[in-house]
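Summary of structural features
Okay, here's what each chain looks like letter by letter:
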Amino acid sequence: MSELTITLLRLGYLALLWVFVLTSIAVLRRDLYGTRITDRRRKARVPQPAGVTAQPTPAPPRQARSAGPSRLVVTEGPLRGTIIPLGSSAVLLGRAPSCTLVLDDDYSSSRHARIYPQGGQWFVEDLGSTNGTFVADQRVGAPTPLPTGTPVRVGQSVLELQR
């Protein structure tokens, strides 16, 4: 082989090693600092051309709010302070990335529990987790009604439905 070929192979190998090192650093950084939580409710500001005044848009009419809860709040644990707005769909809790609330917790299962609305009421259901789901210190064995303000323990985290 020529000296040029050997030099190019060395440089390619060096570049490959740097890619490996930088990838390893990125993985370690993600493990240390966790998942970045972004606020998706913020609206982007659109810059207006000079001399043009923006007309205020009328606010949509407010609908009467039901007496039910409007958010799920983590009150204890590593994700303390996290708020998930509630809609008409279920909230899946666990370690899997596909869950609505991803718990970085050794005591929770990949698909630990789900909280879902049915008939105007919210329920919590354990999805066969190893360590169990607890509502007010009682282990959940079947879908259980979840009143507003009642603590739900999933691993090291405690959650509550709030208005």
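Read on for an overview of the structure. (Residues numbered from 1 in each chain as written. Predicted model: local features only at pLDDT ≥ 70, side-chain atom pairs only at ≥ 80, totals over all residues. Heavy atoms only, no water.)

Focus: the overall build of the protein chain
If you tally the helices and strands in the protein chain, you get one helix and 11 strands. The order of α-helices and β-strands along the protein chain, N terminus first, is α-β-β-β-β-β-β-β-β-β-β-β. For the protein chain, with 163 residues in total, the buried portion stands at 26%. Taking all contacts inside the protein chain whose residues are at least 6 apart in sequence as the whole, residues at least 24 apart take part in 37%. Accessible area of the protein chain: about 12500 Å², with a carbon and sulfur share of 56%. (Helix = DSSP H or I, 4+ residues; strand = E, 2+ residues; numbered from the N terminus. Buried < 20%, exposed > 50% of the residue type's maximum accessible area, 1.4 Å probe, protein only. Contact = heavy atoms within 4.5 Å. Areas by Shrake-Rupley, 256 points an atom, 1.4 Å probe, with all protein chains shown as cover.)

What about the pairing of strand β3 (residues 91-94)?
What you see with β3 is no split at all: Val-91 and Leu-93 on one side and Leu-92 and Gly-94 on the other are buried throughout. Pairing geometry for β3 and strand β5 (residues 113-118), over three bridges, is antiparallel. Each residue of the ladder has a partner; that of Leu-93, found in β5, is Ala-113. (Pairing = 2+ DSSP bridges.)

Looking at helix α1 (residues 3-33)
Here α1 spans 45 Å end to end across 31 residues, near enough to the 45 Å set by a 1.5 Å rise per residue. Counting buried positions along α1 gives zero out of 31 residues, so the element sits mostly on the surface. (Expected span 1.5 Å × (residues − 1).)

A short note on the sheet that holds β5
In spatial order, the strands read β4-β3-β5-β6-β9; together these five strands make up an open sheet with mixed pairing. If you trace the sheet from one side to the other, it starts and ends with β4 (101-102) and β9 (144-145), each paired once. Sheet topology note: the β5/strand β6 (residues 121-126) ladder contains six bridges and is antiparallel. Within β6, the position partnered with Gln-118 by the bridge is Gln-121.

Section: the nonpolar core
Residues Leu-72, Leu-93 and Ile-115 are the most contacted members of the largest nonpolar core, which totals 19 residues. Elements with a contribution of two residues or more to this core: β1 (71-76), β3, β5, β6, β10 (152-154) and β11 (157-162). Those residues in contact with Ile-115, other than ones at most four positions away along the chain, are Leu-72, Ala-90, Val-91, Leu-93, Trp-122, Phe-123, Val-124, Leu-146 and Leu-161. (Core = buried A, V, L, I, M, F, W, Y, C linked by side-chain atoms within 4.5 Å.)

Some points on a nonpolar patch on the surface
On the surface, Leu-4, Leu-8, Leu-11, Leu-14, Trp-18, Phe-20, Val-21, Leu-22 and Ile-25 cluster together into a nonpolar patch covering about 960 Å² of accessible area. Relative accessible area serves as the criterion here: at 52%, Leu-22 is assigned to the exposed category. (Patch = residues over 30% accessible without salt bridge, like charges linked within 9 Å, V, L, I, M, F, W, Y side chains within 5 Å. Salt bridge = Lys/Arg side-chain N within 4 Å of Asp/Glu carboxyl O.)

Details of the packing of aromatic side chains
Two aromatic rings are characterised by how far apart their centres lie and by the angle between their planes. Using the criterion set out here, one finds one aromatic pair in the structure. Arranged with centres 5.8 Å apart and planes meeting at 20 degrees, the rings of Tyr-116 and Phe-123 form a pair that is stacked. Here the two residues Tyr-116 and Phe-123 agree in accessibility, since each one is buried. (Phe/Tyr/Trp six-rings, centres within 6.5 Å; stacked < 30°, edge-to-face > 60°.)

Here we look at the side chain of Thr-150
By the secondary structure assignment, Thr-150 is in the loop between β9 and β10. For Thr-150, the side chain forms a polar contact with the main-chain oxygen of Pro-147, separated by 3.3 Å. Apart from residues no more than four positions distant in its own chain, Thr-150 is found in contact with Val-135, Ala-136, Leu-159 and Glu-160. (Polar contact = N/O pair within 3.5 Å; in protein donor to acceptor, adjacent residues only side chain to side chain.)

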